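Here is what each chain is made of, one letter per residue.
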Amino acid sequence: MSLEKLADLIFPNVDKTMDYYMEKYPQRNLKEDAVVVRYAPSPTGFQHIGGVFAALINERLASQSEGVFYLRIEDTDQKREVPGAIEDTIETMHNFGMDFNEGMTGNDTFKGEYGPYRQSQRFEIYNAFAKDLIRKGLAYPCFCTPEELAELRERQTAEKITPGYYGEYAKYRNLTAEEAIEKIQNGEKYILRFRSPGNPENRVEAHDLIKGDVSFPENNQDIVIIKGDGLPTYHFAHAVDDTLMRTTHVIRGEEWLSSLPIHLQLFDVLGFKRPNFAHIPTIMKNDNGSKRKLSKRKDAEAAVSYYKEVGYPTASVIEYLLNIINSNFEEWRAENPTADYHDFKISLDNMSKSGALFDMVKLNDVSKEVICKMKAEDVYNQYIVWAKEFDKEMFDLVTANEVMAKEIFNIDKEGPKPRKDFAKWDEVKAKIFYFFDELFDKETAEQVELPKTLSLENAKSIIEVYAKEVNFNVDSQEAWFEDLKRIALDLGYCANKKEYKANPDSYKGMVSDVAGAVRAAVAHRSNTPDLYTIFTILGEEKTRERFEKFLKL
Ligand code: GLU
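The structure presented is a predicted model; accordingly, all values stated were derived computationally and were not measured.

## Examining the packing of helix α14 (residues 376-390) against helix α16 (residues 402-409)
Geometry of a packed helix pair, given as the angle between the helix axes and the separation of the axes. Following both chains from N to C, one finds α14 and α16 inclined at 120 degrees, their axes separated by 8 Å at the closest point. Read as a crossing pair, α14 and α16 show a hand that is right-handed. On the side of α14, the interface is formed by Ala-376, Glu-377, Val-379, Tyr-380 and Tyr-383, while α16 contributes Glu-402, Ala-405, Lys-406 and Phe-409. Looking at the contact of α14 with α16 residue by residue, the class counts come to 6 nonpolar, no polar and 3 charged.

## Side note on the pairing of strand β11 (residues 276-280)
One face of the sheet, then the other: side chains in a regular strand alternate in exactly this way. Burial of β11 is extensive: 4 of the 5 residues sit out of reach of the surface. Bridge analysis of strand β10 (residues 249-253) against β11 gives 5 bridges, and the strand direction is parallel. Paired with Gly-253 across the bridge in β11 is Ile-280. Between the parallel elements β10 and β11, the chain passes through helix α9 (residues 260-270) in a crossover that is right-handed.

## Description of the pairing of strand β13 (residues 290-293)
Pairing of strand β12 (residues 283-287) with β13, which is carried by 4 bridges, proceeds in the antiparallel orientation. What sits directly across from Asp-287, in β13, is Ser-290.

## Regarding the sheet that holds strand β14 (residues 356-358)
On the basis of which strands lie adjacent, the open sheet formed by 3 strands has the order β13-β12-β14 and mixed pairing. Each edge of the open sheet is held by one strand with a lone partner, namely β13 and β14. Pairwise comparison of adjacent strand axes, ignoring direction, gives a mean angle of 45 degrees for this sheet. Pairing of β12 with β14, which is carried by 3 bridges, proceeds in the parallel orientation. Looking at the pairing, Met-284 lines up with Leu-357 of β14.

## Remarks on unusual backbone geometry
Here the amide bond leading from Gly-115 into Pro-116 is cis, since omega sits at -5 degrees, within 30 degrees of zero. The residue Pro-116 is located in the loop between β4 (110-111) and α5 (123-135) in this model. Here the phi dihedral of Glu-66 falls at roughly 55 degrees; this positive angle occurs in a residue that is not glycine. Tracing the backbone shows Glu-66 in the loop between α3 (49-64) and β2 (68-71). With relative accessibility at 56%, the residue Glu-66 sits in the exposed group. Its identity as a non-glycine residue notwithstanding, Asp-412 has a phi of 50 degrees, on the positive side. According to the relative accessible area criterion, Asp-412 is partly exposed, its value standing at 33%.

## Things to note about the site of the ligand
Surveying the vicinity of the ligand reveals the residues Arg-38, Ala-40, Ser-42, Glu-74, Tyr-234, Arg-252 and Trp-256. Between the ligand and Ala-40, the relevant distance is 2.8 Å, taken from a nitrogen atom to a main-chain nitrogen or oxygen of the residue. Separating an oxygen atom of the ligand from a side-chain N or O atom of Trp-256 is a distance of 3.3 Å. Protein contacts shield 79% of the accessible area of the ligand, which totals 300 Å² for the unbound molecule. Considered class by class, the residues forming the shell around the ligand number 3 nonpolar, 1 polar and 3 charged.

## Focus: the UniProt feature "binding site: ATP" (unreviewed entry) in the protein chain
Mapped onto the present numbering, the UniProt feature "binding site: ATP" (unreviewed entry) falls on Lys-296. As for its position among the elements, Lys-296 is in the loop between β13 and α10 (304-310). When its relative accessible area of 53% is taken as the criterion, Lys-296 is described as exposed. Apart from residues lying up to four places away in sequence, Lys-296 is in contact with Phe-46 and Ala-302.

Cut-offs and rules
- Each chain carries its own residue numbering, running from 1 in the written order of its sequence.
- The model is predicted, so local features are restricted to residues of pLDDT at least 70 and side-chain atom pairs to those at 80 or more, both for listing and for counting; the totals for chains, interfaces and linings are taken over all residues.
- No hydrogens and no water enter the side-chain calculation; it runs on all heavy atoms of the structure.
- For every element, the axis is a line fit to its C-alpha atoms; helices are fit only across the contacting stretch, and the angle between N-to-C directions ranges from 0 to 180 degrees.
- Numbered from the N terminus, helices here are DSSP runs of H or I no shorter than four residues, and strands are runs of E no shorter than two.
- Crossing handedness is defined as follows: a turn of the near helix away from the far one that is anticlockwise and smaller than a right angle gives a left-handed crossing, while the clockwise case is right-handed.
- Note on definitions: a residue-residue contact is assigned when non-hydrogen atoms from the two residues lie within 4.5 Å.
- Polarity classes work like this: nonpolar for Ala, Val, Leu, Ile, Met, Phe, Trp, Tyr, Cys and Pro, charged for Asp, Glu, Lys and Arg, and polar for all others, with Gly in that last group.
- A 1.4 Å probe rolled over the protein chains alone gives each residue an accessible area, and that area as a share of the maximum for its type sets the label: buried under 20%, exposed over 50%, partly exposed in between.
- The rule for pairing is simple: two strands pair if DSSP sees at least two bridges between them.
- By convention, a crossover is right-handed whenever its connection, traced from the first strand over the helix to the second and viewed with the strands pointing away, goes clockwise.
- To be near a molecule or strand, a residue needs just one of its heavy atoms within 4 Å of it.
- As used in this structure description, the phrase polar contact means that two N or O atoms lie within 3.5 Å; if the pair is within protein, one of them must be able to donate a hydrogen and the other to accept it, and residues adjacent in sequence are counted only when both atoms belong to side chains.
- Using a 1.4 Å probe, accessible areas were evaluated by the Shrake-Rupley method; residue-level cover was limited to the displayed protein chains.
- UniProt positions are given in the numbering used here, feature names are shortened, and annotations may be inferred rather than shown by experiment.

Below is the structure:
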């Protein structure tokens, strides 16, 4: 009876019970194997690539099983909240091809039958659950001050015993309801703790869908369930929310694995069915040979905004993350080069149990493949969206020369070995600048790349003759090369490597030196698509202008 009184004293306005909410949010009517999962960020305003990684795993599993993927906002630590963070999360995930079936849609709005999906708007629910627990003697008020707790911890550390609030150290665990009532009536401050039935000498077992079978000592800490500000802790909110939202799979970062014994205990004591758990390995990076966590402070690539700024297509990032999720994605991609990535079925069984290594070199390879397979039109469209925001000069040039730009983006797209020039949009300028006079004309002689065998003067004397002799009326790469060879031979260059090696003194060099000089004249760079293509895109007039400019360098 006095427990009832205590519960009423703490929550005078709570008239709902656990059962009420369990009925209000019934089992979902979904097909048998449908997976109900969530993305549950704190609204800190920082989008970490690890968040996209976690969201992608959840979203794929929901989508593959015709289940539900919902957005829950975990804002019980209100100090960390940043305005606009919810919209930003929704938009970020949308840009990465993920849309929520349910959950918050703005600060105060949500869609779905299991809401609100924002923890700070659910305190009535947590209170009802906490009230029930107090009534049943499974939770109790704790009047310890932060100083007392700090002192306890110090004492325990000095005595080399497990620190925390448990068993004999749980000062208020055995207070009678009457004593607690009196303290509350005297205005003493308190928080609510769970009365743990655990004994660390026993073990609790579970099967993690990524980590496999796991086993821990039972939790015996009387963890806080409702904090001084009236909001629940992560542990309590997780058990309540995932139960009421009918989550089937809790798929979250492995930093939560060590709290699993607490969570299992909460589910069990509350009489809730345990959901399936899967703990995702943390994204690691190789830092000079040693693996460490991708850090928000140290690594630009930890921020989702980085990928946008440097211009990775979102499809590249997704494909790369799918590679980390399941290493067999790569094989699937090779077998299905043009398939939509949504057709690849991810599986938690195939996921690496240890740290997921994030490797920018690999990301670049994946991204080059992705861009290489895009139609020139798509490359153009995506590039200008990026350039508009991050490189106004290129945006203006490319949009003013749309036809030419699309021709450039179309170079060597087909054929057995398509060009893989770009991994990200900020690499485009350096690779195509020479098509645009406005950029090309800014170059100085020092920037011109020549074959090692040629000086600028040698190259100029080649171009002087070549410009006079070249035939623009050719209609294939082969014919163009035959023409170049003809001029090179006239100039005294050799077309045959063996012969040149046997008699180096009889020649000025190889035909490739002449091609190198032409390349230097038209593009200033040694690594370019084939010259016939460049000639075709630039056209005769512009190409001839390039020869003249080169002679004046
Ligand atoms: N809000 C938690 C976090 O930001 C979510 C963990 C979970 O998915 O349960 O890490």
